[in-house]
Amino acid sequence: MAQLAENLKIVQDKIATACSKRSSEYKYFEPCLVAVSKLQPPESIIEAYEAGQRHFGENYVNELAEKGNHKQILEKCVDIHWHFIGHLQRNKVNKILNVPNLYIIETIDNEKLASTLNTSWPKYRKYDDLKLKVMVQVNTSNEQEKSGCEITHVSSLVKHIIDNCKNLEFTGLMTIGMFGYDVTKGPNPDFLCLKECKEKVSKELAIDLKEIELSMGMSNDYEHAVELGSTSVRVGTAIFGARPKKNVE
């Protein structure tokens, strides 16, 4: 408990320091820390929650469904906010939407997935006017093995969500980016690309820039991401330590 709480405090302090280095245009918000708990046991999630953490990210549908319905997590983490940050297939939409305390799906990468979520969400929401928060995932590094919509399709996908998916609330853009970028070479091009996508979406769809969030930055580069305007960072190993190996889902 003490070590995890200490790790969490270290990450929070580093985020605060990075915030102090931001451009004045980003001073209107404080970044959200999402603790990536994939492959971590429920006990670790409860420890982080008891240390004050509220937002948690999971990559696998079955794992999130199991943890979201875990008896102790339901009892001890009543205000937990689950972020789904992995690739989502349409045949698993109902399973993910049935997770208690689902807060946001950050990985919408095509219109069919958005439409399926839009159609299915009313069966699971608690209140008639409660929209499901979503982000559009962008493949900023153009790596074939990575999920995310192409850069040129971002505005059209966002427009589809806003115009045709009335049960969804578009909140922003997300990227994973290329792993292991050396920040001594300058600003991460994936983060700069996501910022450009944000500006393009704002201009083409007449959305206030402040209304478009950016989910970018992980354990190895979250401070850099914060300095560049990230509104949400996804940090796992820096909080929980090394992950156990994954059983095939």
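Structure first, text after, so check above.
Cut-offs applied
Residues numbered from 1 in each chain as written. Predicted model: local features only at pLDDT ≥ 70, side-chain atom pairs only at ≥ 80, totals over all residues. Heavy atoms only, no water. 1 Å grid on protein atoms, 1.4 Å probe; cavity = no way out; pocket = protein on both sides within 12 Å on 5 of 7 lines; lining within 4 Å. Points joined across faces, edges and corners; volume = space filled by probe spheres on them. Nonpolar A, V, L, I, M, F, W, Y, C, P; charged D, E, K, R; others polar. Helix = DSSP H or I, 4+ residues; strand = E, 2+ residues; numbered from the N terminus. Buried < 20%, exposed > 50% of the residue type's maximum accessible area, 1.4 Å probe, protein only. Contact = heavy atoms within 4.5 Å. Pairing = 2+ DSSP bridges. Right-handed = clockwise from strand over helix to strand, strands pointing away. Phe/Tyr/Trp six-rings, centres within 6.5 Å; stacked < 30°, edge-to-face > 60°. Lys NZ or Arg CZ within 6 Å of the ring centre and 35° of its normal. Salt bridge = Lys/Arg side-chain N within 4 Å of Asp/Glu carboxyl O.

Engineer: Is there a simple way to think about the layout of surface pockets in this case?
Structural biologist: Gaps left between atoms are located by rolling a probe of water-molecule size over the structure's atoms. Of the pockets and cavities examined, the largest pocket occupies roughly 530 Å³. Looking at the largest pocket, it is lined by 26 residues, and the ones nearest its centre are K38, N59, I85, G86 and I176. By residue class, the composition of the lining of the largest pocket is 9 nonpolar, 11 polar and 6 charged. What lines the second largest pocket is a set of 19 residues, among which N101, L102, W121, K126 and L130 lie closest to the centre. Breaking the lining of the second largest pocket down by element, the ones donating at least two residues are β4 (102-108) and β5 (132-137). Classifying every residue of the lining of the second largest pocket gives 11 nonpolar, 3 polar and 5 charged.

Engineer: In this structure, what is going on with helix α3 (residues 61-68)? I would like to understand it.
Structural biologist: Of all 8 residues making up α3, 6 are buried, and the element is well covered by its neighbours. When we look at burial in α3, the residues that qualify are V61, E63, L64, A65, K67 and G68. Packing partners of the buried residues in α3 comprise α2 (42-50), β2 (55-58), α4 (71-76), β3 (81-84), α5 (93-97) and β4.

Engineer: Before we go on, may I ask you to explain empty space enclosed by the protein in this structure?
Structural biologist: Considering all chains together, one arrives at 1 cavity of 30 Å³ or more under this definition. Its volume calculated, the largest cavity comes out at about 30 Å³. Along the walls of the largest cavity sit Q137, V138, N139, T140, S141, K146, S147, T175, I176 and G177, which together make up its complete lining. By residue class, the composition of the lining of the largest cavity is 2 nonpolar, 7 polar and 1 charged.

Engineer: In this structure, what is going on with the pairing of β2? I would like to understand it.
Structural biologist: It is a general feature of regular strands that their side chains alternate between the two faces of the sheet. Side chains H55 and G57 project from β2 onto one buried face, and the interleaved F56 and E58 project onto a second face that is buried too. Of the pairings in the sheet, the one linking strand β1 (residues 32-36) to β2 comprises 2 bridges and is parallel in character. Bridged to A35 within β2 is F56. Note on the crossover from β1 through α2 to β2: the handedness is right-handed. In the sheet, β2 pairs with β3 via 4 bridges, with the strands oriented parallel. Paired with E58 across the strands is F84, a residue of β3.

Engineer: How should the pairing of β4 be read in this particular structure?
Structural biologist: Along β4, 6 of the 7 residues are buried, which leaves the element largely enclosed by surrounding structure. Taken together, the 3 bridges between β3 and β4 define a ladder with parallel strand orientation. Residue pairing across strands places W82 opposite L102, the latter belonging to β4. Of the pairings in the sheet, the one linking β4 to β5 comprises 3 bridges and is parallel in character. Considered in β5, the bridge of I105 is made with V134. A crossover connection joins β4 to the parallel β5 through helix α6 (residues 111-120); in handedness this β-α-β unit is right-handed.

Engineer: Hey, could you run me through the packing of aromatic side chains in this one?
Structural biologist: Taken as a whole, this structure holds 3 aromatic pairs when the rule is applied. An angle of 70° between the planes, with centres 4.9 Å apart, marks the rings of Y28 and F29 as edge-to-face. Under the relative-accessibility criterion, Y28 is labelled partly exposed at 37%. When the ring of F56 is compared with that of W82, the centres are 6.1 Å apart and the planes differ by 55°; the resulting orientation is tilted. Separated by 26 residues along the polypeptide, F56 in strand β2 and W82 in strand β3 bring together distant segments of the chain. You'll find F56 and W82 in the same group, each marked buried. Across from the ring centre of F29, 5.0 Å away, lies the NZ or CZ of R22, which sits over that ring.

Engineer: Can you walk me through the pattern of salt bridges in this structure?
Structural biologist: Opposite charge on two side chains makes pairing possible when the charged atoms of those side chains draw close. Summed over the entire model, instances satisfying the criterion amount to 6 salt bridges. The shortest N-O distance in the salt bridge between K67 and E58 comes to 2.9 Å. By the burial criterion, K67 is buried, and E58 matches it. Its salt-bridge partner being K159, residue D163 comes within 2.6 Å of it at the nearest N-O pair. Here D163 and its partner K159 are both found in helix α7 (residues 154-164), 4 residues apart, which amounts to about one turn of the helix.

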